[in-house]
Amino acid sequence: MASLRLNGHLLDLEQGQLRDPHGRLVQLRPQALAVLLELGRRPGELITKRDLDARVWPGVSVTDDSLVQCVVEIRRALHDNRKRVVRTMPRRGYLLIVDAADSKSREARTVEPVA
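If you're wondering where the values come from, they're calculated on a predicted model, not measured in any experiment.

Would you take a moment to explain the nonpolar core for this structure?
In a soluble, globular protein the nonpolar side chains are often hidden away together inside. In terms of nonpolar packing, the biggest core is built from 27 residues, with Leu-6, Leu-18, Val-35, Leu-36, Leu-39, Val-86 and Leu-96 touching the most fellow members. Elements with a contribution of two residues or more to this core: strand E1 (3–6), helix H1 (30–41), helix H2 (49–56), helix H3 (64–77) and strand E6 (93–96). When neighbours within four sequence positions are excluded, Val-35 is seen to be in contact with Leu-52, Val-56, Trp-57, Leu-67, Cys-70 and Ile-74.

Structure follows, in C-alpha cells:
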C-alpha cells in the first residue's frame, strides 16, 4: 500500500507527501505530516494518543494540545469539516478512514485466487 485516497486527496506513504484532488502538493508542518503518515500506515485502526506521541515526538514530553493542533491542521488540509476522515475516539486516540473506492481497490489487491 503505497498511497491512500482521503477525501479526494492522495497521501503517498512512500514519499511522505499529501496532494490535493488537482495533484498539487499540500504543505503541512512536519509534525502534522508525521501524524498523518502514522495514521495512514494503519488505516481503519485505532491509533492511541500515546503511540502517536511516541512515534512523532520520541523522547520528548509534549502536551495533548500538540497532537490536537496537528489533527486540526490535517483536517483543514483534507477539508474534513465533518471529521469523517480523521475520527477522534474520545480519550483513546484517532483513526483514519480512507475513501470507499480506495478501500475496495485495496481489498481487491489483497484477495488471492483459489487454486
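Once you've had a look at it, read on.
Whenever I open this one, the sheet that holds E6 confuses me. Can you help?
Sheet strands associate in pairs through backbone hydrogen bonding, adopting either a parallel or an antiparallel arrangement. Strand order in the open sheet formed by 3 strands is E4-E6-E5, and the pairing between neighbours is antiparallel. The open sheet has two edge strands, strand E4 (47–48) and strand E5 (86–89), and neither has a second partner. Across 4 bridges, the pairing between E5 and E6 is antiparallel. Residue pairing for E6: Thr-88 is matched across the bridge by Tyr-94.

Explain H3 here, please?
Helical geometry: 3.6 residues make up each α-helical turn, so side chains three or four residues apart lie on a common side. The terminal C-alpha atoms of H3, which comprises 14 residues, lie 20 Å apart, in line with the 20 Å expected from a rise of 1.5 Å per residue. Buried within H3 we find Leu-67, Cys-70, Val-71, Glu-73, Ile-74, Arg-75 and Ala-77. On the buried face of H3, the contacting elements are strand E2 (9–12), strand E3 (17–19), H1, H2, E5 and E6.

Even after reading the chapter, I still don't get unusual backbone geometry, so can you show me in this structure?
Glycine aside, the phi torsion of most residues is negative, and most peptide linkages are trans. Located in the positive-phi region is His-79, a residue other than glycine, with phi close to 55°. With respect to the helices and strands, His-79 occurs in the loop between H3 and E5. Positive phi, normally seen in glycine, also occurs at Arg-91, with a value near 60°. With respect to the helices and strands, Arg-91 occurs in the loop between E5 and E6.

Calculation notes
- Residues numbered from 1 in each chain as written.
- Predicted model: local features only at pLDDT ≥ 70, side-chain atom pairs only at ≥ 80, totals over all residues.
- Heavy atoms only, no water.
- Core = buried A, V, L, I, M, F, W, Y, C linked by side-chain atoms within 4.5 Å.
- Buried < 20%, exposed > 50% of the residue type's maximum accessible area, 1.4 Å probe, protein only.
- Helix = DSSP H or I, 4+ residues; strand = E, 2+ residues; numbered from the N terminus.
- Contact = heavy atoms within 4.5 Å.
- Pairing = 2+ DSSP bridges.
- Expected span 1.5 Å × (residues − 1).

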